[in-house]
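If you want the building blocks of each chain, they are given just below.
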Amino acid sequence: MNLIFLGAPGAGKGTHAARFAERHKLATVSTGELLRSAIKNGTELGKQANVYMQSGDLVPDELVIGIIKERLSEPDCANGFILDGFPRTIKQAEALKALGVSIDRVLNLHVDDEVIVTRMSGRRVCSECGKTYHVLYTPPKKADGICDDCGASLTIRADDAPETVRERLRVYHEKTAPLIAYYENEGILVTVEGREDPDETSKAVFEALE
Ligand code: ADP
Ligand code: ADP
Ligand code: ZN
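Residues numbered from 1 in each chain as written. Chains lettered and ligands numbered in written order. Predicted model: local features only at pLDDT ≥ 70, side-chain atom pairs only at ≥ 80, totals over all residues. Heavy atoms only, no water.

> Just to check I follow, could you spell out the nonpolar core for this structure?
It is characteristic of soluble globular proteins that their nonpolar side chains tend to be buried jointly. If you look at the biggest cluster of nonpolar residues, it comprises 27 residues, and the most contacted ones within it are Leu-72, Leu-83, Leu-96, Ile-103, Val-106 and Tyr-183. Breaking this core down by element, the ones donating at least two residues are β1 (2-7), β2 (27-30), α3 (44-55), α4 (61-72), β3 (81-84), α5 (90-98) and α8 (178-185). The dominant element in this core, judged by the number of residues it contributes, is α4, at 5 residues. What Ile-103 contacts, discounting residues up to four positions off in sequence, is Asn-2, Ile-4, Phe-81, Leu-83, Leu-96 and Ile-188. Counting residues in hydrophobic clusters, the runner-up holds 15 residues, among them Phe-5, Ile-82, Val-190 and Val-192. (Core = buried A, V, L, I, M, F, W, Y, C linked by side-chain atoms within 4.5 Å. Buried < 20%, exposed > 50% of the residue type's maximum accessible area, 1.4 Å probe, protein only. Helix = DSSP H or I, 4+ residues; strand = E, 2+ residues; numbered from the N terminus. Contact = heavy atoms within 4.5 Å.)

> Hey, could you run me through the coordination of the zinc ion (ligand 3) in this one?
Here the zinc ion (ligand 3) is held by Cys-126 (SG), Cys-129 (SG), Cys-147 (SG) and Cys-150 (SG), and the distances to it run 2.3 Å. Because the angles between the 4 donor atoms bound to the zinc ion (ligand 3) fall within 96 to 121°, the donor set is best described as tetrahedral. For the zinc ion (ligand 3), the donor residues sit on a single chain with the sequence spacing C-x2-C-x17-C-x2-C. In this pair, Cys-129 sits in the loop between β5 (123-126) and β6 (132-134) while Cys-147 sits in the loop between β6 and β7 (154-155), placing the two residues 18 residues apart along the sequence. Residue classification places Cys-129 among the partly exposed positions, given a relative accessible area of 37%. Overall, Cys-147 belongs to the buried group, its relative accessible area being 2%. (Donors = N, O, S within 2.8 Å, 3.2 Å for Na, K, Ca; no water. Tetrahedral: all angles 85-135°; square planar, octahedral: opposite > 155°, others 65-115°.)

> How do you make sense of the pairing of strand β4 (residues 105-110) when you look at a structure like this?
For a regular strand, side chains alternate in direction, first toward one face of the sheet and then toward the other. One ladder, built from 5 bridges, connects β1 with β4; its direction is parallel. Bridge pairing in β4 links Leu-3 to Arg-105. Here β4 pairs with strand β8 (residues 189-193) via 5 bridges, running parallel. Within β8, the residue paired with Asn-108 across the bridge is Thr-191. (Pairing = 2+ DSSP bridges.)

> Hey, could you run me through the side chain of Gln-92 in this one?
Of note, Gln-92 is situated in helix α5. Sequence-distant contacts of Gln-92, defined by excluding residues within four places in its chain, comprise Asp-61, Val-64, Ile-65, Phe-86 and Pro-87.

> Before we go on, may I ask you to explain α5 in this structure?
The periodicity of an α-helix, 3.6 residues per turn, causes residues three or four positions apart to be oriented the same way. Of the positions making up α5, those classed as buried are Gln-92, Ala-93, Ala-95 and Leu-96. Seen from one end, α5 has its buried residues packed into an arc of 160°, which puts them on one side. Of the residues trailing α5, Gly-100 is marked for its positive phi of about 85°. (Arc of directions from axis to C-beta.)

> Could you clarify how one ought to interpret the packing of aromatic side chains in this entry?
By convention here, two paired aromatic rings are described through the distance between centres and the angle between planes. Inspection of every chain in the model, using the stated rule, returns 3 aromatic pairs. Taking 6.4 Å as the distance between ring centres and 55° as the angle between the ring planes, the aromatic pair formed by Phe-5 and Phe-20 counts as tilted. Placement of Phe-5 in strand β1 and of Phe-20 in helix α1 (residues 13-24) is noted, with a sequence separation of 15 residues between them. The class for Phe-5 is buried, based on a relative accessible area of 1%. (Phe/Tyr/Trp six-rings, centres within 6.5 Å; stacked < 30°, edge-to-face > 60°.)

> Looking at this structure, how should I read the site of ligand 2?
Ligand 2 sits among 20 residues. The nearest are Lys-13, Thr-31, Asp-57, Arg-88 and Arg-168. Protein chains shield 96% of the accessible area of ligand 2, which is 540 Å² for the free molecule. No other element matches helix α2 (residues 31-40), which puts 4 residues into the shell around ligand 2. Residue composition of the shell around ligand 2, grouped by class: 7 nonpolar, 5 polar and 8 charged. (Near = heavy atom within 4 Å. Areas by Shrake-Rupley, 256 points an atom, 1.4 Å probe, with all protein chains shown as cover. Nonpolar A, V, L, I, M, F, W, Y, C, P; charged D, E, K, R; others polar.)

> Looking at this structure, how should I read the site of ligand 1?
In the vicinity of ligand 1, 21 residues are found, and the nearest of them are Gly-10, Thr-15, Arg-123, Tyr-133 and Arg-195. Between an oxygen atom of ligand 1 and a main-chain N or O atom of Gly-10, the distance comes to 2.8 Å. Thr-15 is positioned with one of its side-chain polar atoms (N or O) 2.6 Å from an oxygen atom of ligand 1. When ligand 1 sits alone it has 560 Å² of accessible area, and the protein chains cover 96% of it. Here the shell around ligand 1 takes 4 residues from α1, the largest share from any one element. Partitioning the shell around ligand 1 into residue classes produces 6 nonpolar, 9 polar and 6 charged. (Polar contact = N/O pair within 3.5 Å; in protein donor to acceptor, adjacent residues only side chain to side chain.)

Given below as structure tokens:
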């Protein structure tokens, strides 16, 4: 089973992709996480990507397509995967098709912009493993500000500042939202309303895809 999770920044793609992947033993592929780890490791790719990410813009298609090509060739992807945050432009979707990758379903996780702006102010990310939390909705269970999985400290993403979130939403509507019609045309789109409660939303996601 190969899936795409589509949705605005902060809609919950990563959170629900992780839960669905665990349940079905699928690999998760998040271009955002791959890019953040490239930045952290100080690679050339990371340096190039950082400029765009800081301003809330998309990283150029060629760079992201290169990363995805490499990642999908790794062995854990052979038994099925969830793409979280890729494709984000029609050009990326065409590139995926050109790679010969077959996609079974595209989940469109819908959340209104205003909900997102509020939500993002509470997002926290593990500085080591990248696991995502929320101060109100999905706080760490063991200790405040500490990752349950690896014990490292939680940080606020630089691009989660409210002005940058607004810019990312603008970019989403301009460049990514057209993918909804694109995959609807292919007959593989399913839309789920992102609810306030993460567990209720997971349930809706499971029901839509299983
Ligand atoms: P995305 O990958 O789409 O950017 P995330 O999975 O990182 O989104 O979620 C964004 C933030 O919203 C996280 O801090 C997450 O814990 C929080 N959140 C709040 N409510 C929900 C919900 N109903 N479903 C998923 N995430 C939620
Ligand atoms: P979110 O879903 O919360 O927007 P991501 O972690 O998916 O966060 O992405 C963070 C940033 O990484 C994006 O704002 C963008 O700059 C860059 N990025 C991630 N995926 C892509 C992609 N497929 N194409 C272009 N840029 C990307
Ligand atoms: Zn961690």
